[in-house]
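# A look at the structure
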Amino acid sequence: MRSFLKKEVVIEKEVSTEYEIARILSKHPNKTVFFENVKGYDFKVVGNLCPSRERLCFALNTSKENFISTVLKALKSPLEPEIVGKHEFKEKKSSLDELPILRHFREDAGKYITSGVVIAKDKEHGRNASIHRLLVLSKNKLAIRLCERDLYRYYKKAEREGKPLEIAIAIGLHPAILFSAAFSYSIDFDELSLASSLMNKPLELVECETVEIEVPKESEIVIEGKILPEVREWEGPFLDITGTFDIKRKQPIIEVTNIMHRRNAIYHALLPAGEEHKLLMGMPQEPRIFEAVQKVTNVKNVCLTKGGCNWLHGVIAIRKISEGDGKNAIIAALAAHPSMKHVIIVDDDIDIFDINKVEYAVATRFQGDKDLVIIKGAKGSSLDPSSGKGNTTTKLGFDATRK
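Everything in this summary refers to the structure shown in the same document. The structure displayed is predicted, hence computed values, not measured ones. (Residues numbered from 1 in each chain as written. Predicted model: local features only at pLDDT ≥ 70, side-chain atom pairs only at ≥ 80, totals over all residues. Heavy atoms only, no water.)

### Things to note about the environment of Glu18
Spelled out, the test is: Secondary structure elements follow DSSP: runs of H or I of four or more residues count as helices, runs of E of two or more count as strands, with numbering from the N terminus. Any pair of residues with heavy atoms lying within 4.5 Å of one another is described as a contacting pair. Here a polar contact is taken to be a pair of N or O atoms separated by no more than 3.5 Å, where protein atoms must pair a possible hydrogen donor with a possible acceptor and residues adjacent in sequence count only if both atoms sit in side chains.
By the secondary structure assignment, Glu18 is in the loop between strand S1 (9-15) and helix H1 (20-27). In this structure the C-alpha to C-alpha distance between Glu18 and Lys39, which are 21 residues apart in sequence, comes to 9.7 Å. Those residues in contact with Glu18, other than ones at most four positions away along the chain, are Arg103 and Lys111. Polar side-chain contacts of Glu18 include one of 3.0 Å to the side chain of Arg103.

Quick look at the structure:
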């Protein structure tokens, strides 16, 4: 992270982790903010590490135009990380209370770790790295929001055996690692090998102390622990990418066994519903949508839009081969990213990153009675506050291609 960090706004005055840092980050949505003096803590704090699509693409050694091809190439040629021995973290903490974990919004359930990459292992499927929000319950306990993806399956398998699942939480990482941890592929795929490929060198890992897990050597902070079987606590509300609050749920509990950090460690604060949060959540979906649409037509590029919270709205450029390609692209895209509610298909002469150009295509190439695809009663996103019971929604596809 330190090699990538760009201090665009430096706050030298003393600031509080209670709302104040979150408020300052929200006032500078497109700039990296560095906090020199955090009240009550011996850590520096950085936020908005990747506040734009261009900045995240720079971290991945690519451009926004070549982003998808870069990621797909890395997926096809992953690099195995290297375990280089024991950790060299010089400092320890005895309690989560000693970390500058933020309280972001008044309606939040409490203090949340939002940038932690949770690393776990499974004998059958190997290593998994993923990002989860973590609610501080006490000095050594966290509630973890587990969606039904890979880590959830690892945990349920351990729980059926009556065992805790060992994990490590790495905080303060290069954006390529954050992006890779947010990427959903197959359960057997090691996300850290994708990070290695994107960084053009094997990622160096070190062994933890109290769990049999390896973490990136350059992590700023590492929290070791285990997800306990058959134990649940209430988690939420939490402000998510749509700027609205996710609901309360009973979620699994992490018992912390060790906390280590580098000297003069920097804590990465990822602002909920901020630009960084939306990009890290949305951009990993774009290569998956691209691959799905590629099966039905000649796709050129994909973008989940800022106005749609990088989650609910998409624009896709295709080079039509025959009539009907636009509608096929709509169906493929909505199936590839089930949370997407509205998708616009345009010709490849339209810059999908320029919303005015996209609107022009809709204005001049789209007729509602012929080019609109309506799918009623579909499963949508739990983050869409307008969705119905069971997150059902009506999905729309706009074929704004030339006839």
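### What about helix H8 (residues 285-294)?
Note on helix geometry: an α-helix contains 3.6 residues per turn, so any two residues three or four positions apart are oriented the same way. To keep it simple, the criterion reads: Buried residues are those whose accessible area, probed at 1.4 Å on protein chains only, stays under 20% of the maximum for their type, while exposed residues exceed 50% and partly exposed ones sit between those limits.
Across the 10 residues that make up H8, a large majority, seven, are buried. All of the buried residues in H8 are Gln285, Glu286, Pro287, Ile289, Phe290, Ala292 and Val293. Taken together, the buried residues of H8 touch helix H2 (53-59), helix H3 (67-76), helix H7 (275-282), strand S19 (298-304), strand S20 (313-319) and helix H9 (325-336).

### So, unusual backbone geometry
At the junction of Gly236 and Pro237, the peptide bond is cis and its omega measures out at 5° in the coordinates. Mapped onto the fold, Pro237 is located in the loop between strand S14 (221-235) and strand S15 (238-239). Despite not being glycine, Asn264 shows a phi value in the positive range, around 55°. Mapped onto the secondary structure, Asn264 falls in the loop between strand S17 (249-261) and strand S18 (266-269). With a phi angle near 70°, Ala273 is a residue other than glycine that sits in the positive phi range. Within the secondary structure, Ala273 sits in the loop between S18 and H7. Classification of Ala273 by relative accessible area gives buried; the value is 17%.

### Here we look at the sheet that holds strand S3 (residues 44-47)
Note the cut-off: At least two bridges found by DSSP between two strands are what make those strands a pair. Where helices are involved, their axes are fitted lines through C-alpha atoms of the stretch in contact, as for all axes, and angles between N-to-C directions lie from 0 to 180°.
Taken in spatial order, the four strands make up an open sheet running S1-S2-S3-S18, and their pairing is mixed. On the outer flanks of this sheet lie S1 and S18, each paired with one strand and no other. Within the sheet, the average angular offset between the axes of one strand and its neighbour, ignoring direction, is 25°. In this sheet, S18 lies alongside S3 in parallel orientation, the contact comprising four bridges. In the strand pairing of S18, Lys44 is matched with Ile266.

### As for H9
Here is the rule: Expected helix span is given by 1.5 Å per residue-to-residue step, counting one fewer step than there are residues.
For H9, which comprises 12 residues, the first-to-last C-alpha distance of 16 Å matches the rise-based estimate of 16 Å (1.5 Å per residue) to within 8%. Buried within H9 we find Asp325, Gly326, Ala329, Ile330, Ala332, Ala333, Leu334 and Ala336. Turning to H9, the residues buried within the fold contact H8, S20, strand S21 (342-347), strand S22 (372-379) and strand S23 (392-400).

### With respect to the packing of H3 against helix H6 (residues 191-198)
In plain terms, the rule: Should an angle lie under 35 degrees it is considered roughly parallel, over 145 roughly antiparallel, and from 65 to 115 roughly perpendicular; all remaining angles are considered oblique. For any pair of crossing helices, the crossing counts as left-handed if the nearer helix is rotated counterclockwise from the farther one by less than a right angle, and right-handed if it is rotated clockwise.
The contact between H3 and H6 brings their axes to 9 Å, and the two run at 120°. As summarised for this structure, H3 and H6 are arranged oblique, according to the angle between their axes. The two elements H3 and H6 cross, and the hand of that crossing is right-handed. In this structure, H3 uses Thr70, Val71, Ala74 and Leu75 to contact H6, whose residues at the interface are Leu194, Ser197 and Leu198.

### A look at the pattern of salt bridges
As a reminder of what qualifies: Here, a salt bridge means any Lys or Arg side-chain nitrogen found within 4 Å of an Asp or Glu carboxyl oxygen.
Enumeration over the complete set of coordinates arrives at 38 salt bridges. For Asp384, the salt bridge identified is with Lys341, shortest N-O distance 3.1 Å. With a gap of 43 residues between them, Asp384 in the loop between S22 and S23 and Lys341 in the loop between H9 and S21 connect regions that are remote in the sequence. Comparing Asp384 with Lys341, the two get one shared label, buried.

### Considerations on the packing of H8 against H9
At a closest axis distance of 8 Å, the pairing of H8 and H9 adopts a crossing angle of 140°. In terms of axis orientation, H8 runs oblique to H9. At the point where H8 passes H9, the crossing takes the right-handed sense. Between H8 and H9, the contacting residues are Arg288, Ile289, Ala292 and Val293 on the first element and Ala329, Ala332, Ala333 and Ala336 on the second.

### As for the side chain of Ser193
Along the chain, Ser193 falls in helix H6. Separated by 2.5 Å, the side chain of Ser193 and the backbone oxygen of Asp190 make a polar contact. Among residues more than four places away in sequence, those in contact with Ser193 are Pro78, Leu79 and Pro81.

Purely spatial values, then, with no claim about function.
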